[in-house]
Amino acid sequence: MSTQNAQRLDHFVVAPDLLKPLLDQEALLKQSGLEHSLIELVKLRASQINGCAFCINMHWQDAKTHGEREERLYLLNAWREASVYTPRETAALAWAEALTRIEITQAPDADYAAINAQFTPREQAALTLVICAINSWNRIAIGFRMPHDLPQEADAA
């Protein structure tokens, strides 16, 4: 790893008490009623937009471990053109993009109408908090240069 990409700080070691509310929120959101696959797609898409290698790797692996099809992960950058996502998922992905790029989008009414049609008010709140949480984690991981470990592949013969 180059010096440019070396981890700057291990925030879990130096400030576990400050991270506890974020970790507690993650546990609550897992029990919010939102589908695990939807949560992972949203987290992965926001992490792609933010360029967070650590979180992209984590959520890609988590989605695969929980049975997500690889083609849905490969196509996530082009989800608007891909036909492999449900209307509920496309509404969530549009909302994730709108909130992640809030300075540009200002959370358009059309994107809100889409989640309003697909999600209950409580689910809308949970989805929005999932998006806020992953954007926080992305900023922490990028800011402190969290290393992303990849499985070692066998050397080619």
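Reference entry: report on the structure contained in this document. Not measured: the values here are computed from a predicted model. (Residues numbered from 1 in each chain as written. Predicted model: local features only at pLDDT ≥ 70, side-chain atom pairs only at ≥ 80, totals over all residues. Heavy atoms only, no water.)

1. What about the packing of aromatic side chains?
And step 1. Per the counting criterion, the structure on display carries 3 aromatic pairs.
And step 2. Ring centres of W60 and Y74 lie 5.3 Å apart, and the angle between their planes is 45 degrees; this geometry places the pair in the tilted category. Placement of W60 in helix α4 (residues 53–65) and of Y74 in helix α5 (residues 70–74) is noted, with a sequence separation of 14 residues between them.
And step 3. Since its relative accessible area comes to 18%, W60 is described here as buried. (Phe/Tyr/Trp six-rings, centres within 6.5 Å; stacked < 30°, edge-to-face > 60°. Helix = DSSP H or I, 4+ residues; strand = E, 2+ residues; numbered from the N terminus. Buried < 20%, exposed > 50% of the residue type's maximum accessible area, 1.4 Å probe, protein only.)

2. A look at the nonpolar core
Note that soluble globular proteins tend to have their nonpolar side chains buried in a common cluster.
And step 1. One finds L34, V42, F119, L127 and I131 to be the most contacted residues of the largest nonpolar core, which totals 17 residues.
And step 2. Those elements giving two or more residues to this core turn out to be α3 (36–50), α6 (87–100) and α9 (121–143).
And step 3. Residue contacts for L34: discarding those within four places in its chain leaves I39, R88, F119, E123, A126, L127 and V130. (Core = buried A, V, L, I, M, F, W, Y, C linked by side-chain atoms within 4.5 Å. Contact = heavy atoms within 4.5 Å.)

3. Here's the deal with α9
And step 1. Taking 1.5 Å as the rise per residue, α9 with 23 residues should run 33 Å; its terminal C-alpha atoms sit 33 Å apart, in good agreement.
And step 2. Where α9 ends, the next residue or the one after it, R145, has phi of about 55 degrees, a positive value. (Expected span 1.5 Å × (residues − 1).)

4. Concerning the packing of α3 against α6
And step 1. At a minimum axis distance of 9 Å, the contact between α3 and α6 shows a crossing angle of 35 degrees. In this structure, the crossing between α3 and α6 has a hand that is right-handed. The residues of α6 that touch α3, namely those facing S37, L38, L41, V42, R45, A46, I49 and N50, are R88, E89, A92, L93, A96, E97 and T100.
And step 2. A breakdown of the residues in the contact of α3 with α6 according to their chemical character gives 8 nonpolar, 3 polar and 4 charged. (Axes fitted to C-alpha atoms, helices over the stretch in contact; angles between N-to-C directions. Left-handed = near helix turned anticlockwise from the far one by under 90°. Nonpolar A, V, L, I, M, F, W, Y, C, P; charged D, E, K, R; others polar.)

5. Here's the deal with the packing of helix α2 (residues 16–30) against α9
And step 1. One can describe the packing of α2 onto α9 by two numbers: an axis separation of 11 Å at closest approach and a directional angle of 140 degrees. The pairing of α2 with α9 is recorded here as oblique in orientation. Crossing geometry of α2 relative to α9 is assigned as left-handed. Here α2 contributes L19, L22, L23, Q25, E26 and L29 to the contact with α9, which in turn contributes A126, L129, V130, A133, S136, W137 and I140.
And step 2. Within the contact of α2 with α9, the residues separate by chemical class into 10 nonpolar, 2 polar and 1 charged. (Parallel < 35°, antiparallel > 145°, perpendicular 65-115°, else oblique.)

6. Section: the pattern of salt bridges
And step 1. Evaluation of the coordinates by the stated rule reveals 11 salt bridges.
And step 2. One salt bridge connects R80 with E97, and the closest N-O pair in it is separated by 3.2 Å. Linking R80 in the loop between α5 and α6 with E97 in helix α6, this pair joins segments that are 17 residues apart in sequence.
And step 3. When its relative accessible area of 8% is taken as the criterion, E97 is described as buried.
And step 4. As a salt-bridge pair, E97 and R101 come within 4.0 Å of each other at their nearest N and O atoms.
And step 5. Taking the relative accessible area as the measure of exposure, R101 reaches 32% and is therefore partly exposed. (Salt bridge = Lys/Arg side-chain N within 4 Å of Asp/Glu carboxyl O.)

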